[in-house]
Amino acid sequence: MKGYIHSFQSLGAADGPGIRFVVFMQGCNLRCGCCHNPDTWECNVGKEYTPEEVFETLKRYKTYFGKDGGITVSGGEPLLQAEFVTELFRLCKDDGINTCLDTSGSIMNDQVLSLLDECDRVLLDIKYTDDESYRKYVGCSLKKPIEFLDILQQKGIPTWLRQVTIPTLSDDEENIKRLRYIAKEYLCVEKVELLPFRTICKSKYDNMGLEFPFEKYGVPSKETMNKLNELLLF
């Protein structure tokens with residue numbers, strides 16, 4: 001078995017708890033307006049690896065993981081290559097390495113269900129809290145990640161919800177209240193992370209000859225991020 005991989009990050013500190021080896025899978029089924037990695041969209045391209053090859057690479061960093069760190073598989077969308085990720089996670093769990101999946105939660109099938117059985121934690125994107133925005137700026141319905149969250153709740157998988165804060169699109173109080181409500185409805189949710197939108201990825205779009213549609217929104221201020229994070233606490 002082989003998987004298409006975009007890149008690795010050997011010592012990541014922003015993709016789950018502790019220090020983590022991050023695998024960015026190639027290929028995505030969505031086209032989010034705020035995407036920072038358009039170079040991961042195309043499927044069936046990139047360097048091919050077996051699960052064993054990736055495992056042998058990440059094992060070199062095991063001493064840095066400590067009790068909280070481990071592997072995070074992100075993308076692109078890792079659910080498109082669920083069987084590959086499942087085998088990789090099995091190798092990791094057999095070696096005592098914590099496994100974390102970073103996903104949009106937009107795909108559900110038998111292969112994904114098997115993958116979730118190997119996940120110690122899931123980072124789930126809730127990109128917006130209204131269906132109209134989801135369909136317009138993501139390409140699927142809000143129903144998809146909510147149904148995915150239902151499965152995480154049923155399986156009792158510890159979950160972090162993540163949302164990119166985009167000025168005028170997701171930086172309002174009502175959105176945060178809805179996000180807070182979702183988090184409180186699910187006992188599996190341990191944490192909610194608000195990630196400030198950045199425009200530094202524009203060079204990737206330029207190099208690919210693509211328009212970066214969300215450049216016009218700019219970045220949220222520190223004051224805005226502090227305010228929204230405070231709203232999550234009530």
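Residues numbered from 1 in each chain as written. Predicted model: local features only at pLDDT ≥ 70, side-chain atom pairs only at ≥ 80, totals over all residues. Heavy atoms only, no water.

1. Considering the layout of surface pockets
Phase 1: The volume enclosed by the largest pocket comes to roughly 1000 Å³.
Phase 2: In terms of lining residues, the largest pocket is bounded by 38 residues, among which H36, N37, D102, V164 and L195 are the most central.
Phase 3: Per-class residue counts for the lining of the largest pocket are 16 nonpolar, 12 polar and 10 charged. (1 Å grid on protein atoms, 1.4 Å probe; cavity = no way out; pocket = protein on both sides within 12 Å on 5 of 7 lines; lining within 4 Å. Points joined across faces, edges and corners; volume = space filled by probe spheres on them. Nonpolar A, V, L, I, M, F, W, Y, C, P; charged D, E, K, R; others polar.)

2. Describing the pattern of salt bridges
Phase 1: All chains considered together, the criterion is met by 17 salt bridges.
Phase 2: Residue D117 is joined to K155 by a salt bridge in which the shortest nitrogen-to-oxygen separation is 2.8 Å. One end of the pair, D117, is in the loop between α4 (110-116) and β6 (121-125); the other, K155, is in helix α6 (residues 143-155), and 38 residues separate them in sequence.
Phase 3: By relative accessible area, which is 47% here, D117 ends up partly exposed.
Phase 4: Residue classification places K155 among the partly exposed residues on the basis of a relative accessible area of 36%.
Phase 5: In this structure, D131 and R135 form a salt bridge, with 2.6 Å as the shortest nitrogen-oxygen distance. Taken together, the residues span about one helical turn, with D131 and R135 both in helix α5 (residues 131-137) at a distance of four residues.
Phase 6: By relative accessible area, D131 is classed as partly exposed at 28%.
Phase 7: Accessibility expressed as a relative area gives 52% for R135, which makes it exposed.
Phase 8: One continuous salt-bridge network, built from bridges that share partners, spans D102, R162, K191 and E193. (Salt bridge = Lys/Arg side-chain N within 4 Å of Asp/Glu carboxyl O. Helix = DSSP H or I, 4+ residues; strand = E, 2+ residues; numbered from the N terminus. Buried < 20%, exposed > 50% of the residue type's maximum accessible area, 1.4 Å probe, protein only.)

3. Some remarks on the sheet that holds strand β4 (residues 70-74)
Phase 1: Pairing is mixed in the open sheet, where eight strands are placed in the order β3-β1-β2-β4-β5-β6-β7-β8. The sheet is open, and its two borders are formed by β3 (47-49) and β8 (189-196), each paired with just one other strand. The mean angle between the axes of side-by-side strands here comes to 30 degrees, regardless of whether they run parallel or antiparallel.
Phase 2: For β6 and strand β7 (residues 159-165), the ladder comprises four bridges, and the chain directions are parallel. Residue L124 lies in a different strand from β7, and its bridge partner there is L161.
Phase 3: Running at roughly 175 degrees to β4, helix α3 (residues 82-94) makes contact with β1 (3-12), β2 (20-25), β3, β4 and β5 (98-103) of the sheet. (Pairing = 2+ DSSP bridges. Axes fitted to C-alpha atoms, helices over the stretch in contact; angles between N-to-C directions. Contact = heavy atoms within 4.5 Å.)

4. What about the packing of helix α1 (residues 51-58) against α3?
Phase 1: Two elements in contact, α1 and α3, have axes whose closest approach is 9 Å; the angle formed by their N-to-C orientations is 40 degrees. In terms of axis orientation, α1 runs oblique to α3. Here α1 runs over α3; the crossing is right-handed. In this structure, α1 contributes P51, E52, V54, F55 and L58 to the contact, and α3 contributes F84, E87, L88, L91 and C92.
Phase 2: Split by residue class, the contact of α1 with α3 holds eight nonpolar, no polar and two charged. (Parallel < 35°, antiparallel > 145°, perpendicular 65-115°, else oblique. Left-handed = near helix turned anticlockwise from the far one by under 90°.)

5. Topic: the pairing of β7
Phase 1: Burial of β7 is extensive: six of the seven residues sit out of reach of the surface.
Phase 2: Where β7 lies against β8, seven bridges are found, and the strand directions are parallel. For R162, the partnering residue across the bridge sits in β8 and is E193.
Phase 3: Where the polypeptide runs from β7 across helix α7 (residues 173-185) and back to β8, its parallel neighbour, the crossover connection is right-handed. (Right-handed = clockwise from strand over helix to strand, strands pointing away.)

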